[in-house]
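For reference, the chains in residue letters:
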There are 2 protein chains.
Amino acid sequence: MSVAIDFYFEFASPYGYLASTQIDDIGARYGREVVWHPIMLGAALKQTGARPLMQTPLKGAYLQRDVPRFARLLGVPFKEPPVMPANSLAASRAFVWLAPGDAVLARQLAKSVLHAHWGEGRDISTADQIADIASSLGIDRGDLLQAVADQRIKDVLKEQTEAAIERGVYGSPFIFVDGEPFWGADRLDQVERWLARGGW
Amino acid sequence: MSVAIDFYFEFASPYGYLASTQIDDIGARYGREVVWHPIMLGAALKQTGARPLMQTPLKGAYLQRDVPRFARLLGVPFKEPPVMPANSLAASRAFVWLAPGDAVLARQLAKSVLHAHWGEGRDISTADQIADIASSLGIDRGDLLQAVADQRIKDVLKEQTEAAIERGVYGSPFIFVDGEPFWGADRLDQVERWLARGGW
């Protein structure tokens, strides 16, 4: 199998959600594995001095129009969540806890959380809400609640976020194909063209 | 003829340049006039709190990779200018001076300035540099130098920039089709799909 595609996303990012609904299919079309990496985008925003989009004058209004429109174009569900940006710590910690033992299950959880948040408009800010979603996938509720409070898991997420920033990640989604960085859900077309042509 | 497409751009923005090489062809394919609007993006950035991309940590490095790559994909020339961001006051004032009398000539000047700056890597920060480019299009050098120093022209540009911000413009390029806003050179595909389908 060829080199994997690295898919960085923030659970609280609507564009991360939009890209998450497409990236596995894109990888599959070109025989590429896709490795998912949740990050805490707030840490990256500190580097660039940007604020969360929803809290930025003018950009917030555009986002509220652009995201539902983009979702309709892709044919994926979208419902505005009650709190934006959500606190994504519990979701991200649950992912990094699960991934080393069962990457497939971790990705299923990520997809379920993203769908609940952006597809159904549910809040995902608390460990209990993540545990509810995890339970429906057969993940033990008590184990998850313990894991997301575990200092070692907190540290792993922090290290992975720092490694992502070190690599140049400052937004969500951020995708690496053969070392080439692509930022934004609106770059999926370019990602696909890159895969089809082997660069240009 | 149907409603015109409004194309807002900043001369100092590489993504504005990339979009400028495509937008007229896109309009022509769907029988739409395209109205060009140069803006002083710095005024909009003050609203959103953003800094010029090149001066932003992480984003600047991405930009230096992304812009040439995007230009190669579109098949348009790109050479990094000596100064970024350039001072685009003279270019923008020259445009708003010419446009009311001869919109075609104003657009020719804009294209020549954008090509000189982003296609050939030439500086465009001074009135003399803009006058050089204008001369090659048959525009009187003295008239242009006088116009870009004229307080009435300065005021027109300021008013047009303020009107753009009022409409929600905060980046370059920014495109309105049938009242729908699209931000970014990477949204040209969506602009085209919107035109083809009449929305979605």
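### A short note on the overall build of chain A
Thought 1: Looking only at helices and strands, chain A features 10 helices and four strands.
Thought 2: Traced from its N-terminal end to its C-terminal end, chain A shows the element sequence β-α-α-β-α-α-α-α-α-α-α-β-β-α.
Thought 3: In terms of overall dimensions, chain A is globule-like: its C-alpha atoms have a radius of gyration of 16 Å, near the 16 Å expected for 200 residues.
Thought 4: Seen through its principal axes, chain A has C-alpha atoms that stretch 50 × 45 × 35 Å.
Thought 5: Looking at chain A as a whole, 52% of its 200 residues are labelled buried.
Thought 6: The long-range share in chain A, meaning contacts at least 24 apart out of those at least 6 apart in sequence, stands at 70%.
Thought 7: For chain A, the exposed surface amounts to about 8,500 Å²; the carbon and sulfur share of it is 50%.
Thought 8: Measuring between centres, the 21 positive side-chain charges of chain A sit 7 Å from its 24 negative side-chain charges.

### Examining the sheet that holds strand 3 (residues 174–177) of chain B
All names here are of chain B.
Thought 1: Spatially, four strands are ordered 2-1-3-4 in an open sheet, and the strand pairing comes out mixed. Single-partner strands in this sheet number two, and they are strand 2 (34–38) and strand 4 (180–183). In this sheet, neighbouring strand axes are inclined to one another by 20° on average, regardless of whether the strands run parallel or antiparallel.
Thought 2: Two strands pair when backbone bridges link them, and strand 1 (residues 5–9) and strand 3 are joined in this way by three bridges, in the antiparallel orientation. Bridge pairing links Y8 to F174 in strand 3.
Thought 3: Strands strand 1 and strand 2 of the sheet are contacted by helix 6 (residues 103–119), whose axis makes an angle of about 60° with strand 2.

### Some points on the interface of chain B and chain A
Thought 1: On the chain A side, the residues contacting the 34 residues of chain B number 34 residues.
Thought 2: Of the roughly 3,300 Å² buried where chain B meets chain A, counting both sides, 52% is carbon and sulfur surface.
Thought 3: Ranking the residues of chain B by area buried against chain A places B:L58, B:Y62 and B:L73 at the top, with a combined share of 21%.
Thought 4: On the surface where chain B and chain A come into contact, there are 10 salt bridges.
Thought 5: We note a salt bridge from A:E180 to B:R65, for which the minimum N-O separation is 2.8 Å.
Thought 6: Scanning the region where chain B abuts chain A turns up 18 residue pairs in polar contact (both at pLDDT 80 or more).
Thought 7: Only helix 3 (41–48), helix 4 (59–74), strand 4 and helix 10 (188–197) of chain B provide two or more residues apiece to the side of chain B that touches chain A.

### Notes on the relation of the copies chain B and chain A
Thought 1: Relative to chain A, chain B is turned by 180° and slid 0.0 Å along the rotation axis, the superposed coordinates differing by an RMSD of 0.0 Å. Expressed as an axis order, the relation between the two copies is that of a two-fold axis.
Thought 2: Interface residue correspondence from chain B to chain A reaches 100%, placing this contact among same-surface, isologous pairings.

### Some remarks on the packing of aromatic side chains
Thought 1: For the structure on display, the rule yields 30 aromatic pairs over all chains.
Thought 2: Ring geometry for A:F7 against A:W36: centres 5.1 Å apart, planes inclined by 70°, an arrangement best described as edge-to-face. Of this pair, A:F7 sits in strand 1 (residues 5–9) while A:W36 sits in strand 2 (residues 34–38), and the two are 29 residues apart along the sequence.
Thought 3: Taking relative accessible area as the criterion, A:F7 reaches 0% and is therefore assigned buried.
Thought 4: Of the residues examined, A:W36 reaches a relative accessible area of 5% and is grouped as buried.
Thought 5: Judged by centre distance (5.9 Å) and plane angle (70°), the rings of A:F182 and A:W194 are edge-to-face. One end of the pair, A:F182, is in strand 4 (residues 180–183); the other, A:W194, is in helix 10 (residues 188–197), and 12 residues separate them in sequence.
Thought 6: Each residue in the set A:Y8, A:Y170, A:F174, A:F176, A:W183 and B:Y62 is aromatic and connected to the rest through ring pairs, giving one cluster.

### Notes on the pairing of strand 2 of chain A
Residue and element names in this part refer to chain A.
Thought 1: Counting buried positions over the five residues of strand 2 gives four, a clear majority of the element.
Thought 2: As judged from the five bridges shared by strand 1 and strand 2, these two strands associate in the parallel manner. The residue of strand 2 that forms the bridge with I5 is V34.

### Let's talk about the environment of A:R93
Thought 1: Among the structural elements, A:R93 can be located in helix 5 (residues 89–98).
Thought 2: It is 6.5 Å that separates the C-alpha atoms of A:R93 and A:K154, two residues lying 61 residues apart in sequence.

### Let's talk about the pattern of salt bridges
Thought 1: Counted by the stated rule, this structure contains 30 salt bridges over all chains.
Thought 2: Of the charged contacts in the structure, one is a salt bridge between A:D178 and A:R32, with a shortest N-O distance of 2.9 Å. With a gap of 146 residues between them, A:D178 in the loop between strand 3 (174–177) and strand 4 and A:R32 in the loop between helix 2 (23–29) and strand 2 connect regions that are remote in the sequence.
Thought 3: Here B:R193 ties to A:D189 by a salt bridge, and the two come within 3.6 Å at their closest N and O atoms. Of this pair, B:R193 sits in helix 10 while A:D189 is found in helix 10, placing the two residues in two different chains.
Thought 4: Salt bridges linked by common partners bring A:R65, A:D66, A:R69, A:D186, B:E180 and B:R187 together as one network.

### Some words on the sheet that holds strand 2 of chain A
Residues and elements named next belong to chain A.
Thought 1: Strand order in the open sheet formed by four strands is 2-1-3-4, and the pairing between neighbours is mixed. Of all the strands in the sheet, the pair left with one neighbour each is strand 2 and strand 4. On average, each strand axis in the sheet is tilted by 20° relative to the strand beside it, whichever way the strands run.
Thought 2: Pairing analysis gives four bridges linking strand 3 to strand 4, with the strands arranged antiparallel. If you follow V177 over to strand 4, its bridge partner there is E180.
Thought 3: Sitting on the sheet, helix 6 (residues 103–119) is in contact with strand 1 and strand 2, with an inclination near 60° to strand 2.
Thought 4: Relative to strand 3, helix 10 is tilted by about 10°, and along the sheet it contacts strand 1, strand 3 and strand 4.

What counts and how
- Residues numbered from 1 in each chain as written.
- Chains lettered and ligands numbered in written order.
- Predicted model: local features only at pLDDT ≥ 70, side-chain atom pairs only at ≥ 80, totals over all residues.
- Heavy atoms only, no water.
- Helix = DSSP H or I, 4+ residues; strand = E, 2+ residues; numbered from the N terminus.
- Rg over C-alpha atoms; globule rule 2.2 N^0.38 Å.
- Buried < 20%, exposed > 50% of the residue type's maximum accessible area, 1.4 Å probe, protein only.
- Contact = heavy atoms within 4.5 Å.
- Areas by Shrake-Rupley, 256 points an atom, 1.4 Å probe, with all protein chains shown as cover.
- Lys, Arg positive; Asp, Glu negative; His and termini not counted.
- Charge placed at Lys NZ, Arg CZ, Asp CG, Glu CD.
- Pairing = 2+ DSSP bridges.
- Axes fitted to C-alpha atoms, helices over the stretch in contact; angles between N-to-C directions.
- Buried area = accessible area lost by both parts, 1.4 Å probe.
- Salt bridge = Lys/Arg side-chain N within 4 Å of Asp/Glu carboxyl O.
- Polar contact = N/O pair within 3.5 Å; in protein donor to acceptor, adjacent residues only side chain to side chain.
- Least-squares fit on C-alpha atoms with pLDDT ≥ 70 in both.
- Phe/Tyr/Trp six-rings, centres within 6.5 Å; stacked < 30°, edge-to-face > 60°.

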